[in-house]
Amino acid sequence: NNVIITVIGIVGIIIFSSMSAYIISRKKNKYTRFAQFMITTPMLIPFQTIMITLLKVMNVVNLSGSKVGLGIQYWGFGIPMAAFIYGNFMSTIPKELDESAFIDGAGTFRTYRSIIFPLLKSVTFTVIVIDVMWIWNDFLLPYLTLDMRRFKTMSIAIQYLKGGYGSVDMGAMMACLVVAIVPIIIFYLCCQKYIIKGVMAG
């Protein structure tokens with residue numbers, strides 16, 4: 001469950017945030033400035049103030065309780081920061097690359113896919129590492145939205161190991177903690193060299 005939810009969340013965050021940052025950085029007008037404001041402003045809104053409304057909306061659109069629905073919710077919370085990082089880095093990429101691509105007959109999407117996105121490698125790894133650690137370890141959002149009879153993430157499964165009257169099976173608890181922590185530590189160690197590059201660039 002953790003892997004599926006994390007992959008859905010990360011893929012959506014990377015695609016939509018990088019595309020929106022590309023358009024906003026290249027087309028400077030009142031519409032893109034408004035779009036940038038609407039995309040980045042949610043970073044200032046605490047999750048606790050919107051969680052009841054979020055649950056209502058997810059019920060209306062029939063995405064509540066599912067892994068796919070939870071992954072899509074992470075798009076909304078992860079895109080603002082990712083778009084902000086991408087946008088800052090995108091401003092350092094010369095616009096002459098876009099002009100050369102247009103002269104050669106490439107459209108906006110082809111230019112983004114073939115030329116711009118490959119240049120975003122270091123920033124993309126930074127966004128991936130930050131968001132993977134967040135989504136993998138998140139407790140509150142899965143606890144509120146997932147159907148516990150069918151799906152549990154690692155953090156929720158660990159919580160369920162507690163028995164009545166405060167009793168805890170320490171052996172099972174420690175084993176689950178290791179299983180939950182080791183994959184993310186390995187992932188971080190493999191990708192940490194890209195983080196500094198991405199932070200400095202973005």
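What counts and how
- Residues numbered from 1 in each chain as written.
- Predicted model: local features only at pLDDT ≥ 70, side-chain atom pairs only at ≥ 80, totals over all residues.
- Heavy atoms only, no water.
- Helix = DSSP H or I, 4+ residues; strand = E, 2+ residues; numbered from the N terminus.
- Buried < 20%, exposed > 50% of the residue type's maximum accessible area, 1.4 Å probe, protein only.
- Contact = heavy atoms within 4.5 Å.
- Polar contact = N/O pair within 3.5 Å; in protein donor to acceptor, adjacent residues only side chain to side chain.
- Core = buried A, V, L, I, M, F, W, Y, C linked by side-chain atoms within 4.5 Å.
- Salt bridge = Lys/Arg side-chain N within 4 Å of Asp/Glu carboxyl O.
- Patch = residues over 30% accessible without salt bridge, like charges linked within 9 Å, V, L, I, M, F, W, Y side chains within 5 Å.
- Areas by Shrake-Rupley, 256 points an atom, 1.4 Å probe, with all protein chains shown as cover.
- Axes fitted to C-alpha atoms, helices over the stretch in contact; angles between N-to-C directions.
- Parallel < 35°, antiparallel > 145°, perpendicular 65-115°, else oblique.
- Left-handed = near helix turned anticlockwise from the far one by under 90°.
- Nonpolar A, V, L, I, M, F, W, Y, C, P; charged D, E, K, R; others polar.

Caption draft 1: Expanded view of the side chain of Gln 73. Structurally, the position occupied by Gln 73 is in helix α4 (residues 67-90). The class of Gln 73 is buried, set by a relative accessible area of 5%. Leaving out residues up to four positions away in the same chain, Gln 73 has contacts with Leu 54, Met 58, Leu 141 and Thr 145.

Caption draft 2: Examining the side chain of Ser 155 more closely. For Ser 155, the location among the structural elements is in helix α9 (residues 154-159). Reaching out from Ser 155, the side chain makes a polar contact with the backbone oxygen of Asp 138 at a distance of 2.9 Å. With near-sequence residues (within four places) excluded, Ser 155 lies in contact with Asn 137, Asp 138 and Phe 139.

Caption draft 3: Up close: the nonpolar core. The biggest cluster of nonpolar side chains holds 34 residues, and the ones touching the most others in it are Tyr 86, Met 90, Leu 120 and Val 127. Residue assignment for this core shows that the elements contributing at least two residues are α1 (2-26), α3 (51-60), α4, α6 (108-119) and α7 (121-137). Of the residues forming this core, the biggest block, 9 residues, is contributed by α4. Sequence-distant contacts of Leu 120, that is, excluding residues within four places in its chain, are made with Ser 18, Tyr 86, Phe 89, Met 90 and Ile 93.

Caption draft 4: Structural detail: the pattern of salt bridges. Throughout the structure, instances matching the rule amount to 1 salt bridge. For the salt bridge of Asp 98 with Arg 26, the shortest nitrogen-to-oxygen distance reads 3.2 Å. Of the two residues, Asp 98 sits in helix α5 (residues 96-103) while Arg 26 sits in helix α1, which places them 72 residues apart along the sequence. Asp 98 sits in the buried class, given a relative accessible area of 4%. For Arg 26, a relative accessible area of 16% puts it in the buried group.

Caption draft 5: Structural detail: a nonpolar patch on the surface. Together, Met 43, Leu 44, Ile 45, Ile 50, Met 81 and Phe 84 line one region of the surface with nonpolar side chains, adding up to about 570 Å² of accessible area. By relative accessible area, which is 35% here, Met 43 ends up partly exposed.

Caption draft 6: Inspection of the packing of α4 against α7 at higher detail. For the pair α4 and α7, the least separation of the axes is 10 Å and the interaxial angle reads 155°. In terms of axis orientation, α4 runs roughly antiparallel to α7. At the point where α4 passes α7, the crossing takes the right-handed sense. From α4, Tyr 74, Phe 77, Gly 78, Ala 82, Ile 85, Tyr 86 and Phe 89 reach across to α7, where they touch Val 123, Thr 124, Val 127, Asp 131, Trp 134 and Ile 135. Residues of the contact of α4 with α7, tallied by class, amount to 10 nonpolar, 2 polar and 1 charged.

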